[in-house]
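Close look at the chain arrangement
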Amino acid sequence: MLQEEDNLIQNYSFTKSERLCSRKSIESLLREQNSHYHHPIKCYYLWEQKQKSSDQNQIAIAVPKKNFKKAVIRNRIKRRIREAYRLNKRQFLLDNLSKSDKKVNLLFYYTSKKEHDFALIEEALIAVLKDLTATQ
RNA sequence: AACGACGGUCGUUCUGUCGCUGCCCGAAUGGGGAGAGGAAAGUCCGGACAAUAUAGAGCACCAUACUUCUUAACAGGAAGGGACUAUUUUUAGUCACAGCCAGUGCCGCAGAAAAUAACCGCUCCAUGUAUGGAGUAAGGGUGAAAAUGUGAGGUAAGAGCUCACAACGUAAGUAGUGAUACUAUACGUGGGUAAACCUUAUGGAUUGAAAGACCAAAUAUACCGGGGUUUGAGGGCUGCUCGUCCAACCCGGAGGGUAGGUCGAUAGAGCUUUAGGGUGACUUAAAGCCUAGAUAAAUGACAGAAGAUUACAGAAUCCGGCUUAUAGAUCGUCGUUUUUU
RNA sequence: GGCUCUGUAGUUCAAUGGAUAGAACAAAAGUUUCCUAAACUUUAGAUUCGGGUUCGAUUCCCGGCGGAGCUA
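Quick summary incoming for the structure in this document. (Residues numbered from 1 in each chain as written. Chains lettered and ligands numbered in written order. Predicted model: local features only at pLDDT ≥ 70, side-chain atom pairs only at ≥ 80, totals over all residues. Heavy atoms only, no water.)

**Observations concerning the environment of Lys16**
Along the chain, the position of Lys16 falls in the loop between helix H1 (2-11) and helix H2 (23-32). Between the alpha carbons of Lys16 and Leu120 there is a distance of 26 Å; along the sequence they are 104 residues apart. (Helix = DSSP H or I, 4+ residues; strand = E, 2+ residues; numbered from the N terminus.)

Shown next as structure tokens:
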């Protein structure tokens, strides 16, 4: 029981190791051009073999400066996407991957030119994650 | 009282669940505490800091331009002087506010003429009686600007030609730290334009934290310059030896590769309060406080409460200013409308 | 983050501080044609915005807004 609760708490967290920071891996991710799209989020993905048992899925978020000139709005959208991923990753992603030895790198790209609510973003992100697990 | 304009100040708060970035405590699960702004923005000025360069002087280039003060410094700020505008007799606002009495350039159209002025006119003289010569700048539909204005004397006609008053400039004297002001002083007066070139005075080396320093990992010493011990494998000059050149080795330059970490980097020209100095900007002393520090980059999501879908807007080396944006609340000034006295 | 340049008709470019900002293509209308194209005739169109200097700004100066480039 205790172990299960610990896992539950951990799965709602979002630490530094879950961020995709390396420039090289982002470039390789974009070079592959695998993507799912559900308005307003486009998701690039790349499957990799786990090299250590502690390797985790890593994500990056991009909101283009071309569509949103003001830094406040860009930050707000990035925070909403990250929050939506944090709340839903366990339910839609981790449960399906828990026994496989693969991990996935993701890049969420916000394509709309308008600022949307959290509810709409969350809905789109869930749809994208469902597509992802279905193809795997 | 309501509405509008302008200016100053503040710039949502609290609770719960999940979560993010540093710090402290702990062996650990964990616990404690901190976490965007008045403009963080624009990158417009001025510095700190770092690297590189630098005998000294001049020219060129760029910036600034009333005075005194303030400051680490400034094109900022304070106080004062001057000009202009509005209102009015005292206030408010604005001002790139040195110099066309150094030189050069420019001033379309109109107008006789736009800068050593002369078309008409006025006056005198001559004769061929409607022309020529001389003088003159009072008057003339222009224009943004027409040779400083008015009056008197003077003259053939006129004219700063002379005089009086006024306007402007330079010098001198007096007052003031100074800009400047005043003067029964002296001399002078041929437009405007320096946000035209320019002159004068003062200041300025260049590049910006993706600067720069260190560590780890990784690859190949390709190429250039200098030096040369042992060994002498090999190659060129030769049939051979000697000699010499290349090469192996070392040093410097340059290139390739890797793209990760630490420092820089957050205690500072710091903030608050009190007292003193100063008209003020500001400054001095004492006491107290520690107040983001990330590196693809941290403040969010949901629910509830306080009238309530909430402005402009997100730190990226750090400070001092300036400029621009701003819902709502509140304070002050002005204007309009309504009500009461 | 830092530095530099730039803004003119729908588009591409002109214009020394001086009539009403010019040219080409495009657009619209007309002529011609059985219809279209070509040709010809005409029309409407712009100085990024706000201040300042000047008698007068597209031009000179200041500030805002937008666009582009360089720098790893």
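**Focus on the sheet that holds strand E3 (residues 58-62)**
Ordered in space as E1-E2-E4-E3, the four strands form an open sheet in which the pairing is mixed. With partners counted over all chains shown, the strands left at the sheet margins are strand E1 (35-38) and E3, one partner each. Averaged over all adjacent pairs, the angle separating strand axes in this sheet is 20°, with direction ignored. For E1 and strand E2 (residues 41-49), the ladder comprises four bridges, and the chain directions are antiparallel. The partner of Ser35 across the bridge, within E2, is Tyr44. Against the sheet, helix H4 (residues 118-135) contacts E1, E2 and strand E4 (102-110), and its axis sits at roughly 35° relative to E2. (Pairing = 2+ DSSP bridges. Axes fitted to C-alpha atoms, helices over the stretch in contact; angles between N-to-C directions. Contact = heavy atoms within 4.5 Å.)

**With respect to the packing of aromatic side chains**
Here the distance between the centres and the angle between the planes together describe a pair of aromatic rings. What the rule picks out here adds up to one aromatic pair. Seen from their ring centres, Tyr85 and Phe108 are 6.0 Å apart, and the 55° between their planes marks the pair as tilted. In this pair, Tyr85 sits in helix H3 (residues 71-97) while Phe108 sits in strand E4, placing the two residues 23 residues apart along the sequence. In this structure Tyr85 comes out as buried when scored by relative accessible area, which is 1%. (Phe/Tyr/Trp six-rings, centres within 6.5 Å; stacked < 30°, edge-to-face > 60°. Buried < 20%, exposed > 50% of the residue type's maximum accessible area, 1.4 Å probe, protein only.)

**Topic: the side chain of Asn88**
Here Asn88 lies in helix H3. At a separation of 2.8 Å, a polar atom in the side chain of Asn88 contacts the main-chain carbonyl oxygen of Ala84. One polar contact links Asn88 to Glu122, side chain to side chain, over a distance of 3.3 Å. (Polar contact = N/O pair within 3.5 Å; in protein donor to acceptor, adjacent residues only side chain to side chain.)

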